[in-house]
Structure formats: structure tokens, C-alpha cells
Amino acid sequence: MAESAQEFYGRWARLYDLIARETPGIARLRRRAAAACRLEPGDTVVEMGCGTGANLPYLREQVGPAGTVIGIDFTRPVLERARAATAADDNVHVLQGDATRPPVGEPVSTATDGAIDAVLATFVVGMLADPAGAVDDWCDLVGPDGTVVLANAARSEAWYAPPVNAVFRAIVVLSTPPTAKLRYTDAPHVRLDEKIDAAHARLRERAVAVADETHVLGVVRLTGGRLE
Ligand SMILES: C[S@@+](CC[C@H](N)C(=O)[O-])C[C@H]1O[C@@H](n2cnc3c(N)ncnc32)[C@H](O)[C@@H]1O
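Remember, predicted model here, so these are calculated numbers, not experimental data.

Taken in spatial order, the seven strands make up an open sheet running β3-β2-β1-β4-β5-β7-β6, and their pairing is mixed. Edge positions in the sheet fall to β3 (92–96) and β6 (209–215), since each of these pairs with one other strand and no more. Adjacent strand axes in the sheet meet at a mean angle of 15°, parallel and antiparallel pairs treated alike. Of the strand pairs in this sheet, β6 and strand β7 (residues 220–226) are connected by seven bridges, and their pairing is antiparallel. Bridged to Val210 within β7 is Gly225.

Structure (C-alpha cells):
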């Protein structure tokens, strides 16, 4: 899965960047996700699976010039785009690494005091083998009173859901690596829903305060959790 995801996002980095930045409504969602991180000027935030870096400017806005933004992704071509887009911001660091074993606490801790105030992951947990386990690790990574925020697309539960879900299902089938339906042993949209449910549920269990929102016709779920 990791290899095919890297191959997929590597090949489609330029197109993905366009979709990630220009899809109608996406800028508003990214701004909301960054705000849900409850950051203060000077804070440190880590984005897991940052892709081409579409969230990074919103996170930088929240922490200001004295704060630190760290983006982590394991796909080199998307990281190159993220690095190019943030080259002028010396407090934004883009690192190659696995979001389930994030390379934080090493080089980054010299740029900060090692404390991480928030973790953000948008459209990533559905690609992980153990999404709930990753959420546990991210909750452990943020300090006391830290925040973890997840945003993910899953089937809508709204009353107008059937046509929306039909379109959503087609998009998932076409955009899930390896992108050839015959190679799947189970339906990717069902598997995706299960992973997203598990990740958001684990964050709700771990957090002492939770905020849940839906966006884009109920297809995008945003959950923010404040840790003890
Ligand atoms: C759908 S894209 C989302 C990118 C970005 N978060 C956004 O909202 O535009 C998923 C990204 O997660 C990355 N990714 C998936 N699994 C990962 C892992 N285990 N470690 C690091 N990056 C991962 C992929 O390389 C890809 O760039």
C-alpha cells in the first residue's frame, strides 16, 4: 500500500496540487482545519502527510513568524512541490518521512524546544494500515493541552446523501491506488469509510474536548480533539 501510494502521488503530484488548492470550497475547509488546531503565535504544529503543502500557509498564519510549521510526507515529488511553495518561509520545514513513525524530536527539535502543540492530518488516515493506532501515536506526540485534528472524506450521512455518495464512490474507486478496480478484493469506499470511522472514533475517545463538523455536502468530516 505504501509503495503504491508513493507511486500514485508521485506520478500525479502536479494534478493533485491543483485539486488540493483549487477545488471549490477547499480553501475554506483548510482554513477551518488550521483554526481547529487552536494554535497560538509561537506554537509548533506538525502536519502528517502534508502532500504538496496546501495546508501549510494556513498553519503558518496561525503560528505567525515566531512559530514553527513542520510538514511530513513520504512521497518525494509532492514534497518538492511543498518545499518550493514554502521556500520563502524559514519557519516552515518540509521533511520526508513516514507519518506513522514521524521524524520529529530529532532535527526539528533543534529549531523548536521539542514540544508539539498540534498535529493535523487531512485526507491521510484512510491510507494507513492502522489508522486508530496512528491517531494514538499522534495524541501521544502532542503535549498536555495539545490538539489533534483530522479531516477526511467519507460517505455522506445527510438526507440528500444517495447521489452525493454515488459520485463520491466513483471518485474513490478511480483515485485509490492502484486505480484499477479489478485489482481490489473489497470495495475501496467501504474500506475507506471503516478506516476513517476508526480514526475519528479513536480521537474522540482520547480527547477531553471534541469538535465535530461536516463540510462539502456532508462528505468531509472534520474532528478536532484537545488532549489532557
Ligand atoms: C490525499 S493526499 C493529502 C495531502 C494533504 N494532506 C492535503 O490535504 O492535500 C495523501 C498524502 O499522504 C501521504 N501519505 C500517505 N501515507 C503516508 C505515510 N504513511 N507517511 C507519510 N505520508 C503519507 C501521501 O504521500 C500523500 O501525499
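With that out of the way, let us pick up the pairing of β7. If a strand is regular, its side chains alternate between the two faces of the sheet. Taken across its seven residues, β7 has six buried, putting it largely inside the fold. Pairing of strand β5 (residues 147–153) with β7 involves seven bridges; the strand directions are antiparallel. Within β7, the residue paired with Val149 across the bridge is Gly224.

Counted under the stated rule, the structure contains 16 salt bridges. A salt bridge links Arg38 to Asp145, with the shortest nitrogen-to-oxygen separation between them at 4.0 Å. Of the two residues, Arg38 sits in the loop between α3 (26–36) and β1 (44–48) while Asp145 sits in the loop between α7 (131–141) and β5, which places them 107 residues apart along the sequence. The partly exposed category is assigned to Arg38, whose relative accessible area is 43%. One salt bridge in this structure joins Arg202 and Asp136, with 2.5 Å as the shortest N-O distance. With a gap of 66 residues between them, Arg202 in helix α9 (residues 188–206) and Asp136 in helix α7 connect regions that are remote in the sequence. Taking relative accessible area as the criterion, Asp136 reaches 18% and is therefore assigned buried.

Rules and cut-offs
- Residues numbered from 1 in each chain as written.
- Predicted model: local features only at pLDDT ≥ 70, side-chain atom pairs only at ≥ 80, totals over all residues.
- Heavy atoms only, no water.
- Pairing = 2+ DSSP bridges.
- Helix = DSSP H or I, 4+ residues; strand = E, 2+ residues; numbered from the N terminus.
- Axes fitted to C-alpha atoms, helices over the stretch in contact; angles between N-to-C directions.
- Buried < 20%, exposed > 50% of the residue type's maximum accessible area, 1.4 Å probe, protein only.
- Salt bridge = Lys/Arg side-chain N within 4 Å of Asp/Glu carboxyl O.

Note that all results are geometric; they support no functional claim without further evidence.
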